[in-house]
Amino acid sequence: MKKVGKPVFFVLALLIVAFTVTSFTGIKTRYGDTINTFIKGADDIRWGIDIRGGVDVTFSPPAGYAATESEMSAAESIIKVRMISQNITDYEIYTDMANNRIIVRFPWKADEAAFNPEQAIKELGETALLTFREGLEADDFGFPTGVTADVVILEGRDIKSASRVDVPRTQGGMADMPAVSLELTPEGAVKFSEATGRLVGQVISIWMDDALLSAPVVNTQITDGNAIIQGNFTGEEAKDLADKINAGALPFKLHTENYNTISPTLGEGAREAMVLAGLLAFIFIVVFMICTYRLLGFIAAIALAGQAGLMIAAITGYFAPFPSFTLTLPGIAGIILSIGMGVDANVISSERIKEEIRSGKTIDGALDIGYKRAFTAIFDGNITVIIIAIILMGAFGPPGSAFSRLLYPVFFMFPAVPAGTIYSFGYTLLVGVIANFIMGVLATQFMAKSIAKQKTFRKAWFFGGEKA
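Caption draft 1: Structural context of the packing of aromatic side chains. Enumeration according to the criterion identifies nine aromatic pairs in this entry. Centre to centre, the rings of F9 and F10 are 5.2 Å apart; their planes meet at 80°, and the pair counts as edge-to-face. Their ring planes at 35° and their centres at 5.7 Å tell us that F325 and Y423 sit as a pair that is tilted. Linking F325 in the loop between α9 (295-316) and β15 (326-327) with Y423 in helix α14 (residues 420-451), this pair joins segments that are 98 residues apart in sequence. Among the residues examined, F325 registers a relative accessible area of 13% and is labelled buried.

Right, dumping it as C-alpha coordinates:
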(Lines give C-alpha, C1' and ligand atoms only; values in the text may rest on other atoms or scores of the structure.)
Protein backbone atom coordinates (compact mmCIF):
# COMPACT_ATOMS: atom_id res chain seq x y z
CA MET A 1 0.00 0.00 0.00
CA LYS A 2 1.25 3.47 -0.85
CA LYS A 3 2.19 5.88 1.89
CA VAL A 4 -0.75 7.36 3.75
CA GLY A 5 -0.75 11.05 4.65
CA LYS A 6 -1.19 12.44 8.16
CA PRO A 7 -4.66 14.00 7.61
CA VAL A 8 -6.19 10.73 6.37
CA PHE A 9 -7.04 9.51 9.88
CA PHE A 10 -8.96 12.66 10.77
CA VAL A 11 -10.77 12.85 7.43
CA LEU A 12 -11.80 9.19 7.53
CA ALA A 13 -12.78 9.28 11.20
CA LEU A 14 -14.91 12.40 10.64
CA LEU A 15 -16.61 10.89 7.59
CA ILE A 16 -17.32 7.60 9.37
CA VAL A 17 -18.75 9.34 12.44
CA ALA A 18 -20.91 11.66 10.30
CA PHE A 19 -22.14 8.79 8.15
CA THR A 20 -22.91 6.57 11.16
CA VAL A 21 -24.83 9.31 12.97
CA THR A 22 -26.93 10.18 9.90
CA SER A 23 -27.60 6.51 9.11
CA PHE A 24 -29.15 6.08 12.57
CA THR A 25 -30.87 9.47 12.92
CA GLY A 26 -31.66 10.23 9.27
CA ILE A 27 -32.03 13.75 7.94
CA LYS A 28 -35.51 15.28 8.10
CA THR A 29 -37.12 18.69 8.16
CA ARG A 30 -40.39 19.57 9.82
CA TYR A 31 -42.76 22.39 8.97
CA GLY A 32 -45.90 22.23 11.10
CA ASP A 33 -47.30 18.74 10.65
CA THR A 34 -45.38 18.14 7.42
CA ILE A 35 -42.20 16.08 7.67
CA ASN A 36 -39.83 15.88 4.69
CA THR A 37 -37.40 12.96 4.81
CA PHE A 38 -34.15 13.42 2.88
CA ILE A 39 -32.30 10.46 4.39
CA LYS A 40 -34.01 7.61 6.20
CA GLY A 41 -32.84 6.66 9.69
CA ALA A 42 -33.34 3.77 12.11
CA ASP A 43 -36.87 5.01 12.91
CA ASP A 44 -37.82 4.32 9.28
CA ILE A 45 -36.82 0.64 9.33
CA ARG A 46 -39.52 -1.66 7.97
CA TRP A 47 -39.96 -4.37 10.61
CA GLY A 48 -40.93 -7.90 9.65
CA ILE A 49 -44.08 -9.58 10.89
CA ASP A 50 -42.09 -11.53 13.48
CA ILE A 51 -41.55 -8.15 15.17
CA ARG A 52 -44.65 -6.15 14.22
CA GLY A 53 -46.87 -9.18 14.51
CA GLY A 54 -48.94 -10.61 11.70
CA VAL A 55 -49.98 -13.65 9.72
CA ASP A 56 -47.95 -16.19 7.76
CA VAL A 57 -50.12 -18.47 5.59
CA THR A 58 -49.54 -20.99 2.77
CA PHE A 59 -52.27 -21.52 0.15
CA SER A 60 -52.58 -24.35 -2.37
CA PRO A 61 -55.19 -25.69 -4.84
CA PRO A 62 -57.50 -28.52 -3.72
CA ALA A 63 -55.91 -31.96 -3.41
CA GLY A 64 -55.54 -33.61 -6.79
CA TYR A 65 -55.97 -30.40 -8.80
CA ALA A 66 -53.00 -29.68 -11.09
CA ALA A 67 -53.03 -25.91 -11.39
CA THR A 68 -51.28 -24.38 -14.37
CA GLU A 69 -48.69 -21.63 -14.08
CA SER A 70 -51.15 -19.05 -15.45
CA GLU A 71 -53.76 -20.11 -12.87
CA MET A 72 -51.25 -19.76 -10.04
CA SER A 73 -50.24 -16.30 -11.33
CA ALA A 74 -53.91 -15.34 -11.46
CA ALA A 75 -54.42 -16.55 -7.88
CA GLU A 76 -51.43 -14.50 -6.71
CA SER A 77 -52.84 -11.46 -8.50
CA ILE A 78 -56.24 -11.64 -6.82
CA ILE A 79 -54.63 -12.00 -3.38
CA LYS A 80 -52.72 -8.77 -4.06
CA VAL A 81 -55.95 -7.02 -5.04
CA ARG A 82 -57.63 -8.14 -1.83
CA MET A 83 -54.66 -7.07 0.27
CA ILE A 84 -54.77 -3.56 -1.13
CA SER A 85 -58.55 -3.38 -0.81
CA GLN A 86 -58.09 -4.05 2.93
CA ASN A 87 -55.43 -1.29 3.12
CA ILE A 88 -52.69 -3.85 3.74
CA THR A 89 -49.81 -2.67 1.57
CA ASP A 90 -46.77 -3.99 3.48
CA TYR A 91 -47.23 -7.63 2.48
CA GLU A 92 -45.05 -10.35 0.97
CA ILE A 93 -46.33 -12.87 -1.59
CA TYR A 94 -44.24 -15.66 -3.12
CA THR A 95 -45.53 -18.21 -5.63
CA ASP A 96 -43.81 -21.60 -5.62
CA MET A 97 -44.79 -22.90 -9.07
CA ALA A 98 -42.95 -26.19 -8.60
CA ASN A 99 -45.04 -27.18 -5.57
CA ASN A 100 -48.26 -25.28 -6.38
CA ARG A 101 -48.06 -23.10 -3.28
CA ILE A 102 -48.57 -19.43 -2.57
CA ILE A 103 -46.89 -18.10 0.58
CA VAL A 104 -48.45 -14.92 1.97
CA ARG A 105 -47.19 -12.80 4.85
CA PHE A 106 -48.79 -9.62 6.08
CA PRO A 107 -48.49 -7.59 9.31
CA TRP A 108 -51.18 -6.50 11.69
CA LYS A 109 -52.79 -3.21 10.80
CA ALA A 110 -51.38 -0.37 12.87
CA ASP A 111 -54.80 0.53 14.31
CA GLU A 112 -56.22 -3.00 14.52
CA ALA A 113 -57.55 -3.83 17.99
CA ALA A 114 -59.34 -7.14 17.36
CA PHE A 115 -57.94 -8.70 14.20
CA ASN A 116 -59.42 -12.06 13.20
CA PRO A 117 -56.71 -13.98 11.29
CA GLU A 118 -59.01 -16.89 10.40
CA GLN A 119 -61.50 -14.55 8.74
CA ALA A 120 -58.74 -12.67 6.90
CA ILE A 121 -57.32 -15.94 5.56
CA LYS A 122 -60.78 -17.09 4.49
CA GLU A 123 -61.36 -13.87 2.58
CA LEU A 124 -58.01 -14.17 0.83
CA GLY A 125 -58.57 -17.78 -0.23
CA GLU A 126 -62.07 -17.51 -1.66
CA THR A 127 -62.53 -17.34 -5.44
CA ALA A 128 -62.91 -13.81 -6.81
CA LEU A 129 -66.04 -12.21 -8.24
CA LEU A 130 -65.12 -10.48 -11.48
CA THR A 131 -67.74 -8.31 -13.17
CA PHE A 132 -68.01 -6.06 -16.21
CA ARG A 133 -70.55 -3.31 -15.43
CA GLU A 134 -72.28 -0.54 -17.29
CA GLY A 135 -70.89 2.95 -16.69
CA LEU A 136 -68.69 4.14 -13.88
CA GLU A 137 -70.78 5.29 -10.95
CA ALA A 138 -69.20 4.89 -7.52
CA ASP A 139 -69.91 6.13 -4.01
CA ASP A 140 -67.51 7.97 -1.70
CA PHE A 141 -65.91 4.65 -0.70
CA GLY A 142 -65.25 3.59 -4.29
CA PHE A 143 -67.98 0.92 -4.40
CA PRO A 144 -70.25 0.65 -7.48
CA THR A 145 -73.56 2.42 -7.16
CA GLY A 146 -76.53 3.42 -9.32
CA VAL A 147 -76.60 1.89 -12.80
CA THR A 148 -73.08 0.48 -12.34
CA ALA A 149 -74.23 -1.50 -9.30
CA ASP A 150 -77.45 -2.69 -10.93
CA VAL A 151 -76.36 -3.59 -14.46
CA VAL A 152 -73.83 -6.46 -14.62
CA ILE A 153 -72.84 -7.19 -18.22
CA LEU A 154 -70.36 -10.06 -17.71
CA GLU A 155 -69.11 -12.20 -14.83
CA GLY A 156 -65.90 -14.17 -14.48
CA ARG A 157 -67.53 -17.34 -15.83
CA ASP A 158 -68.29 -15.54 -19.11
CA ILE A 159 -64.58 -14.98 -19.83
CA LYS A 160 -62.60 -17.83 -21.32
CA SER A 161 -59.18 -16.21 -21.02
CA ALA A 162 -57.29 -12.92 -20.92
CA SER A 163 -53.74 -12.26 -22.08
CA ARG A 164 -51.29 -9.43 -22.58
CA VAL A 165 -50.79 -8.52 -26.27
CA ASP A 166 -49.16 -5.77 -28.32
CA VAL A 167 -51.30 -3.85 -30.79
CA PRO A 168 -50.14 -1.32 -33.43
CA ARG A 169 -50.52 2.35 -32.57
CA THR A 170 -52.60 4.58 -34.79
CA GLN A 171 -49.59 6.82 -35.49
CA GLY A 172 -47.11 5.28 -37.90
CA GLY A 173 -43.54 4.64 -36.92
CA MET A 174 -44.28 4.18 -33.20
CA ALA A 175 -43.73 1.01 -31.21
CA ASP A 176 -46.64 -1.33 -30.58
CA MET A 177 -48.82 -0.57 -27.57
CA PRO A 178 -49.38 -3.09 -24.72
CA ALA A 179 -53.03 -4.10 -24.32
CA VAL A 180 -55.21 -6.90 -22.91
CA SER A 181 -56.91 -9.42 -25.20
CA LEU A 182 -60.18 -11.05 -24.04
CA GLU A 183 -61.66 -14.29 -25.32
CA LEU A 184 -65.28 -14.80 -24.21
CA THR A 185 -67.40 -17.92 -23.91
CA PRO A 186 -70.27 -18.28 -26.42
CA GLU A 187 -72.75 -17.05 -23.79
CA GLY A 188 -70.44 -14.18 -22.85
CA ALA A 189 -70.01 -13.20 -26.51
CA VAL A 190 -73.80 -12.77 -26.90
CA LYS A 191 -74.06 -10.62 -23.76
CA PHE A 192 -71.04 -8.51 -24.72
CA SER A 193 -72.31 -7.96 -28.27
CA GLU A 194 -75.59 -6.59 -26.96
CA ALA A 195 -73.91 -4.32 -24.39
CA THR A 196 -71.20 -2.93 -26.68
CA GLY A 197 -73.81 -2.28 -29.36
CA ARG A 198 -75.76 0.12 -27.14
CA LEU A 199 -72.82 1.58 -25.20
CA VAL A 200 -70.57 2.82 -28.04
CA GLY A 201 -68.67 5.84 -26.76
CA GLN A 202 -69.50 4.99 -23.15
CA VAL A 203 -67.65 3.20 -20.34
CA ILE A 204 -67.82 -0.46 -19.40
CA SER A 205 -66.04 -0.72 -16.04
CA ILE A 206 -64.23 -3.84 -14.79
CA TRP A 207 -64.50 -4.71 -11.09
CA MET A 208 -63.00 -7.33 -8.78
CA ASP A 209 -64.81 -7.83 -5.48
CA ASP A 210 -66.17 -4.27 -5.78
CA ALA A 211 -62.66 -2.91 -6.42
CA LEU A 212 -62.29 -1.04 -9.72
CA LEU A 213 -59.67 -2.55 -12.05
CA SER A 214 -60.18 -0.60 -15.27
CA ALA A 215 -62.73 1.57 -17.08
CA PRO A 216 -62.28 1.28 -20.87
CA VAL A 217 -64.47 3.16 -23.35
CA VAL A 218 -66.37 1.16 -25.99
CA ASN A 219 -65.15 2.15 -29.47
CA THR A 220 -67.29 -0.21 -31.53
CA GLN A 221 -69.68 -3.13 -31.15
CA ILE A 222 -67.90 -6.44 -30.55
CA THR A 223 -69.76 -9.44 -31.94
CA ASP A 224 -67.18 -12.22 -32.24
CA GLY A 225 -66.38 -12.68 -28.54
CA ASN A 226 -62.84 -11.29 -28.89
CA ALA A 227 -62.12 -7.89 -27.38
CA ILE A 228 -59.08 -5.68 -26.87
CA ILE A 229 -58.77 -3.43 -23.80
CA GLN A 230 -56.48 -0.51 -24.63
CA GLY A 231 -55.15 2.29 -22.47
CA ASN A 232 -51.91 3.89 -21.44
CA PHE A 233 -50.63 0.54 -20.18
CA THR A 234 -47.05 -0.46 -19.68
CA GLY A 235 -46.27 -4.07 -20.54
CA GLU A 236 -46.27 -4.97 -16.83
CA GLU A 237 -49.59 -3.21 -16.20
CA ALA A 238 -51.22 -5.01 -19.12
CA LYS A 239 -50.02 -8.39 -17.84
CA ASP A 240 -51.18 -7.50 -14.33
CA LEU A 241 -54.69 -6.63 -15.54
CA ALA A 242 -54.85 -9.85 -17.60
CA ASP A 243 -53.86 -11.86 -14.50
CA LYS A 244 -56.54 -10.15 -12.46
CA ILE A 245 -59.20 -10.85 -15.08
CA ASN A 246 -58.12 -14.48 -15.27
CA ALA A 247 -58.33 -14.65 -11.49
CA GLY A 248 -62.01 -13.84 -11.70
CA ALA A 249 -62.54 -17.03 -13.69
CA LEU A 250 -60.29 -19.11 -11.44
CA PRO A 251 -61.67 -22.66 -11.41
CA PHE A 252 -60.54 -23.54 -7.90
CA LYS A 253 -60.71 -22.24 -4.37
CA LEU A 254 -57.42 -21.85 -2.54
CA HIS A 255 -57.02 -24.16 0.45
CA THR A 256 -55.02 -23.24 3.54
CA GLU A 257 -52.10 -25.66 4.06
CA ASN A 258 -50.91 -24.02 7.27
CA TYR A 259 -50.70 -20.67 8.98
CA ASN A 260 -49.34 -19.07 12.11
CA THR A 261 -49.81 -15.74 13.83
CA ILE A 262 -47.41 -13.68 15.88
CA SER A 263 -48.39 -11.26 18.63
CA PRO A 264 -46.98 -7.74 18.10
CA THR A 265 -46.31 -7.49 21.84
CA LEU A 266 -44.12 -10.61 21.73
CA GLY A 267 -42.30 -9.45 18.61
CA GLU A 268 -41.59 -5.94 19.89
CA GLY A 269 -40.39 -7.32 23.22
CA ALA A 270 -37.96 -9.65 21.46
CA ARG A 271 -36.74 -6.78 19.27
CA GLU A 272 -36.08 -4.52 22.24
CA ALA A 273 -34.26 -7.31 24.09
CA MET A 274 -32.03 -8.06 21.09
CA VAL A 275 -31.28 -4.38 20.43
CA LEU A 276 -30.40 -3.81 24.10
CA ALA A 277 -28.20 -6.92 24.14
CA GLY A 278 -26.45 -5.77 20.99
CA LEU A 279 -25.87 -2.26 22.37
CA LEU A 280 -24.44 -3.54 25.67
CA ALA A 281 -22.23 -6.03 23.81
CA PHE A 282 -20.97 -3.25 21.53
CA ILE A 283 -20.06 -1.03 24.51
CA PHE A 284 -18.28 -3.92 26.23
CA ILE A 285 -16.37 -4.77 23.05
CA VAL A 286 -15.25 -1.16 22.54
CA VAL A 287 -13.97 -0.94 26.12
CA PHE A 288 -12.21 -4.31 25.76
CA MET A 289 -10.58 -3.40 22.43
CA ILE A 290 -9.29 -0.04 23.70
CA CYS A 291 -7.94 -1.54 26.93
CA THR A 292 -6.27 -4.44 25.13
CA TYR A 293 -5.03 -2.89 21.90
CA ARG A 294 -4.82 0.81 22.88
CA LEU A 295 -4.71 3.04 19.80
CA LEU A 296 -5.51 0.16 17.45
CA GLY A 297 -8.50 -0.63 19.67
CA PHE A 298 -9.72 2.96 19.39
CA ILE A 299 -9.44 2.81 15.60
CA ALA A 300 -11.28 -0.53 15.64
CA ALA A 301 -14.11 1.06 17.64
CA ILE A 302 -14.54 3.75 14.97
CA ALA A 303 -14.54 1.09 12.24
CA LEU A 304 -17.10 -1.05 14.10
CA ALA A 305 -19.40 1.96 14.45
CA GLY A 306 -19.01 2.58 10.72
CA GLN A 307 -19.78 -1.06 9.99
CA ALA A 308 -22.99 -0.83 12.03
CA GLY A 309 -23.88 2.39 10.20
CA LEU A 310 -23.36 0.73 6.81
CA MET A 311 -25.65 -2.16 7.74
CA ILE A 312 -28.41 0.16 8.97
CA ALA A 313 -28.04 2.25 5.79
CA ALA A 314 -28.41 -0.88 3.64
CA ILE A 315 -31.65 -1.72 5.46
CA THR A 316 -33.31 1.72 5.54
CA GLY A 317 -32.65 2.67 1.91
CA TYR A 318 -30.05 5.34 2.83
CA PHE A 319 -28.49 4.94 -0.62
CA ALA A 320 -30.99 5.99 -3.29
CA PRO A 321 -30.36 3.15 -5.81
CA PHE A 322 -31.01 0.49 -3.15
CA PRO A 323 -34.54 0.06 -1.75
CA SER A 324 -35.32 -0.38 1.93
CA PHE A 325 -35.33 -3.91 3.33
CA THR A 326 -37.66 -5.56 5.83
CA LEU A 327 -35.77 -6.38 9.03
CA THR A 328 -36.72 -9.45 11.07
CA LEU A 329 -35.45 -10.89 14.35
CA PRO A 330 -33.01 -13.24 12.55
CA GLY A 331 -31.93 -10.16 10.58
CA ILE A 332 -31.00 -8.43 13.84
CA ALA A 333 -29.07 -11.58 14.78
CA GLY A 334 -27.24 -11.29 11.44
CA ILE A 335 -26.23 -7.72 12.30
CA ILE A 336 -24.90 -8.79 15.69
CA LEU A 337 -23.02 -11.75 14.17
CA SER A 338 -21.50 -9.46 11.53
CA ILE A 339 -20.30 -7.05 14.22
CA GLY A 340 -18.69 -10.05 15.92
CA MET A 341 -16.88 -10.87 12.68
CA GLY A 342 -15.73 -7.25 12.49
CA VAL A 343 -14.29 -7.59 15.99
CA ASP A 344 -12.57 -10.82 14.94
CA ALA A 345 -10.96 -9.09 11.95
CA ASN A 346 -9.63 -6.27 14.12
CA VAL A 347 -8.36 -8.68 16.79
CA ILE A 348 -6.45 -10.72 14.19
CA SER A 349 -4.85 -7.60 12.70
CA SER A 350 -4.04 -6.04 16.08
CA GLU A 351 -2.47 -9.25 17.39
CA ARG A 352 -0.30 -9.60 14.29
CA ILE A 353 0.85 -5.98 14.62
CA LYS A 354 1.55 -6.45 18.33
CA GLU A 355 3.69 -9.51 17.56
CA GLU A 356 5.69 -7.63 14.94
CA ILE A 357 6.22 -4.67 17.29
CA ARG A 358 7.45 -6.95 20.09
CA SER A 359 9.77 -8.81 17.69
CA GLY A 360 11.63 -5.54 17.10
CA LYS A 361 10.00 -4.18 13.94
CA THR A 362 9.51 -0.46 13.49
CA ILE A 363 5.98 0.91 13.80
CA ASP A 364 5.61 1.39 10.03
CA GLY A 365 7.09 -2.03 9.29
CA ALA A 366 4.87 -3.73 11.89
CA LEU A 367 1.75 -2.12 10.40
CA ASP A 368 2.66 -3.14 6.85
CA ILE A 369 3.56 -6.73 7.71
CA GLY A 370 0.81 -7.16 10.33
CA TYR A 371 -2.05 -6.11 8.04
CA LYS A 372 -0.60 -8.10 5.12
CA ARG A 373 -0.28 -11.33 7.10
CA ALA A 374 -3.66 -10.90 8.80
CA PHE A 375 -5.53 -10.37 5.53
CA THR A 376 -5.40 -14.02 4.42
CA ALA A 377 -7.04 -15.31 7.60
CA ILE A 378 -9.66 -12.52 7.53
CA PHE A 379 -10.41 -13.10 3.84
CA ASP A 380 -10.81 -16.87 4.25
CA GLY A 381 -13.25 -16.51 7.14
CA ASN A 382 -15.31 -13.78 5.51
CA ILE A 383 -15.54 -15.35 2.05
CA THR A 384 -16.91 -18.52 3.64
CA VAL A 385 -19.66 -16.51 5.34
CA ILE A 386 -20.43 -14.71 2.05
CA ILE A 387 -20.97 -18.07 0.35
CA ILE A 388 -23.28 -19.18 3.17
CA ALA A 389 -25.24 -15.92 3.02
CA ILE A 390 -25.71 -16.26 -0.76
CA ILE A 391 -26.93 -19.84 -0.33
CA LEU A 392 -29.43 -18.75 2.33
CA MET A 393 -30.72 -15.90 0.17
CA GLY A 394 -30.96 -18.15 -2.89
CA ALA A 395 -32.64 -21.07 -1.12
CA PHE A 396 -35.05 -19.04 1.02
CA GLY A 397 -35.55 -15.89 -1.05
CA PRO A 398 -38.27 -15.03 -3.55
CA PRO A 399 -38.35 -17.32 -6.61
CA GLY A 400 -36.82 -15.45 -9.52
CA SER A 401 -34.51 -13.34 -7.35
CA ALA A 402 -30.91 -12.84 -8.48
CA PHE A 403 -29.47 -15.34 -5.99
CA SER A 404 -32.25 -17.86 -6.68
CA ARG A 405 -31.41 -17.76 -10.40
CA LEU A 406 -27.70 -17.93 -9.63
CA LEU A 407 -28.12 -21.13 -7.63
CA TYR A 408 -30.67 -22.77 -9.92
CA PRO A 409 -28.04 -25.04 -11.60
CA VAL A 410 -27.14 -26.34 -8.12
CA PHE A 411 -30.61 -26.59 -6.56
CA PHE A 412 -32.81 -27.22 -9.60
CA MET A 413 -34.04 -30.42 -7.91
CA PHE A 414 -34.93 -28.46 -4.75
CA PRO A 415 -36.96 -25.34 -5.60
CA ALA A 416 -36.59 -22.24 -3.43
CA VAL A 417 -38.80 -22.24 -0.33
CA PRO A 418 -39.46 -18.58 0.49
CA ALA A 419 -38.88 -17.80 4.17
CA GLY A 420 -38.62 -14.09 4.84
CA THR A 421 -36.97 -14.45 8.22
CA ILE A 422 -34.11 -16.62 6.92
CA TYR A 423 -33.75 -14.42 3.84
CA SER A 424 -33.42 -11.40 6.15
CA PHE A 425 -30.69 -13.19 8.13
CA GLY A 426 -28.78 -13.96 4.93
CA TYR A 427 -29.13 -10.36 3.72
CA THR A 428 -27.83 -8.71 6.90
CA LEU A 429 -25.05 -11.28 7.10
CA LEU A 430 -23.96 -10.57 3.51
CA VAL A 431 -24.16 -6.80 3.97
CA GLY A 432 -22.32 -7.08 7.30
CA VAL A 433 -19.41 -9.01 5.78
CA ILE A 434 -19.09 -6.50 2.92
CA ALA A 435 -19.16 -3.67 5.48
CA ASN A 436 -16.49 -5.52 7.44
CA PHE A 437 -14.19 -5.54 4.42
CA ILE A 438 -14.76 -1.81 3.88
CA MET A 439 -14.41 -0.72 7.51
CA GLY A 440 -12.56 -3.50 9.34
CA VAL A 441 -9.97 -4.14 6.63
CA LEU A 442 -9.54 -1.03 4.48
CA ALA A 443 -10.56 1.90 6.70
CA THR A 444 -8.70 0.66 9.79
CA GLN A 445 -5.53 0.14 7.77
CA PHE A 446 -5.65 3.66 6.32
CA MET A 447 -6.41 5.22 9.71
CA ALA A 448 -3.72 3.27 11.55
CA LYS A 449 -0.99 4.10 9.02
CA SER A 450 -2.07 7.74 8.98
CA ILE A 451 -2.10 8.28 12.74
CA ALA A 452 1.25 6.50 13.02
CA LYS A 453 2.71 9.50 11.17
CA GLN A 454 1.69 11.83 14.01
CA LYS A 455 4.64 12.62 16.28
CA THR A 456 2.50 12.22 19.40
CA PHE A 457 1.76 8.59 18.56
CA ARG A 458 5.20 7.53 17.34
CA LYS A 459 5.58 5.25 20.32
CA ALA A 460 5.44 1.46 20.12
CA TRP A 461 3.27 1.30 23.27
CA PHE A 462 0.29 2.78 21.38
CA PHE A 463 0.42 -0.18 18.99
CA GLY A 464 0.84 -2.97 21.52
CA GLY A 465 4.51 -2.73 22.40
CA GLU A 466 6.00 -2.58 25.87
CA LYS A 467 6.02 0.81 27.56
CA ALA A 468 9.47 2.36 27.32
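That shown, we press on.
Caption draft 2: Seen up close, the sheet that holds strand β8 (residues 152-155). Here four strands make up an open sheet; going across it, the order is β8-β7-β11-β12 and the pairing antiparallel. Whereas interior strands pair on both sides, the edge strands pair on one side only; in this sheet they are β8 and β12 (211-214). For this sheet, the mean angle separating the axes of adjacent strands, direction not counted, is 35°. Across three bridges, strand β11 (residues 204-208) lies against β12 in antiparallel orientation. Its bridge partner lying in β12, M208 is registered against A211. Contacting β7 (130-134), β8 and β11, helix α6 (residues 186-198) runs over the sheet at an angle of about 150° to β8.

Caption draft 3: The arrangement of the packing of helix α10 (residues 329-358) against helix α11 (residues 363-396) in detail. Between α10 and α11, whose axes approach to 8 Å, the crossing angle comes to 150°. Relative to α11, the element α10 is oriented roughly antiparallel. α10 and α11 meet at a crossing whose hand is right-handed. Classifying every residue of the contact of α10 with α11 by side-chain character gives 14 nonpolar, four polar and three charged.

Caption draft 4: How the structure looks around the pattern of salt bridges. Considering all chains together, one arrives at 14 salt bridges under this definition. Note that R373 and E356 form a salt bridge whose closest N and O atoms lie 3.0 Å from each other. On the criterion of sequence distance, the pair formed by R373 in helix α11 and E356 in helix α10 is long-range, its members being 17 residues apart. Of the charged contacts, one joins D364 and R458 as a salt bridge, the two residues approaching to 3.1 Å between their closest N and O atoms. Of this pair, D364 sits in helix α11 while R458 sits in the segment after α14, and the two are 94 residues apart along the sequence. In this structure D364 comes out as partly exposed when scored by relative accessible area, which is 28%. Given a relative accessible area of 38%, R458 falls into the partly exposed group. What you see here is one network of salt bridges that share partners, running through R352, E355, E356, K361 and R373.

Caption draft 5: Summary view of a nonpolar patch on the surface. Judged by side-chain polarity, L276, L279, L280, I283 and V287 come together as a nonpolar surface patch covering roughly 470 Å² of accessible area. With respect to the secondary-structure elements, L276 resides in helix α8 (residues 264-293).

Caption draft 6: Focus on the pairing of strand β1 (residues 27-31). As paired strands, β1 and strand β2 (residues 34-39) are joined by five bridges and run antiparallel to one another. By the bridge assignment, I27 is partnered in β2 with I39. In textbook terms, the turn of a hairpin is the stretch between consecutive antiparallel strands, and for β1 and β2 this stretch comprises two residues, one of which, G32, has a positive phi near 65°.

Caption draft 7: How the structure looks around the side chain of S205. Relative to the helices and strands, S205 is located in strand β11. Exposure remark for S205: the relative accessible area of 0% places this residue in the buried category. In terms of polar contacts, S205 uses its side chain to reach the side chain of W207, at 2.7 Å. Contacts of S205, omitting those with residues within four sequence positions, involve T131, F132, R133, G135, L136, T148, L212, S214 and A215.

Caption draft 8: The arrangement of the nonpolar core in detail. F59, I79, V104, F132, V180, F192 and I245 are the most contacted members of the largest nonpolar core, which has 40 residues in total. The greatest single-element share of this core, amounting to five residues, is contributed by helix α3 (residues 69-85). Leave out the neighbours within four places in its chain, and F132 touches V151, V152, I153, L154, I159, L182, F192, I204, S205 and I206. In terms of nonpolar packing, the next biggest core, distinct from the first, is built from 34 residues, L296, I357, I363 and I451 among them.

Caption draft 9: View of α6. Helix length check: α6, at 13 residues, gives a terminal C-alpha distance of 19 Å against a target of 18 Å (1.5 Å per residue), a fit within 8%. Among all positions in α6, only G188, A189, F192, S193, A195 and T196 are buried. Where α6 is buried, its residues contact β7, β8, β10 (177-184), β11 and β13 (226-229).

Caption draft 10: Representation of the environment of L124 within the structure. Examined against the element boundaries, L124 turns out to sit in helix α4 (residues 117-125). What makes L124 buried here is its relative accessible area of 2%. For the pair L124 and T256, spaced 132 residues apart in sequence, the C-alpha to C-alpha distance is 9.9 Å.

Caption draft 11: The arrangement of the packing of helix α1 (residues 8-25) against α9 in detail. The contact between α1 and α9 brings their axes to 8 Å, and the two run at 40°. Between α1 and α9, the angle is such that the two are oblique. In the crossing of α1 with α9, the sense of the turn from one axis to the other is left-handed. Facing α1, whose interface residues are F9, A13, I16, F19, T20, S23 and F24, α9 presents F298, I299, I302, A305, G306, A308, G309, L310, I312 and A313. When the residues that make up the contact of α1 with α9 are grouped by side-chain class, the tally is 13 nonpolar, four polar and no charged.

Caption draft 12: Expanded view of α1. Taking 1.5 Å per residue as the helical rise, α1 with its 18 residues ought to reach 26 Å, and the 26 Å between its terminal C-alpha atoms agrees with that figure. Within the span of α1, buried status applies to F9, A13, I16, F19, T20, T22 and S23. Taken from the residues just after α1, G26 is the one with a positive phi, measuring 75°.

The rules we used
Residues numbered from 1 in each chain as written. Predicted model: local features only at pLDDT ≥ 70, side-chain atom pairs only at ≥ 80, totals over all residues. Heavy atoms only, no water. Phe/Tyr/Trp six-rings, centres within 6.5 Å; stacked < 30°, edge-to-face > 60°. Helix = DSSP H or I, 4+ residues; strand = E, 2+ residues; numbered from the N terminus. Buried < 20%, exposed > 50% of the residue type's maximum accessible area, 1.4 Å probe, protein only. Pairing = 2+ DSSP bridges. Axes fitted to C-alpha atoms, helices over the stretch in contact; angles between N-to-C directions. Contact = heavy atoms within 4.5 Å. Parallel < 35°, antiparallel > 145°, perpendicular 65-115°, else oblique. Left-handed = near helix turned anticlockwise from the far one by under 90°. Nonpolar A, V, L, I, M, F, W, Y, C, P; charged D, E, K, R; others polar. Salt bridge = Lys/Arg side-chain N within 4 Å of Asp/Glu carboxyl O. Patch = residues over 30% accessible without salt bridge, like charges linked within 9 Å, V, L, I, M, F, W, Y side chains within 5 Å. Areas by Shrake-Rupley, 256 points an atom, 1.4 Å probe, with all protein chains shown as cover. Polar contact = N/O pair within 3.5 Å; in protein donor to acceptor, adjacent residues only side chain to side chain. Core = buried A, V, L, I, M, F, W, Y, C linked by side-chain atoms within 4.5 Å. Expected span 1.5 Å × (residues − 1).

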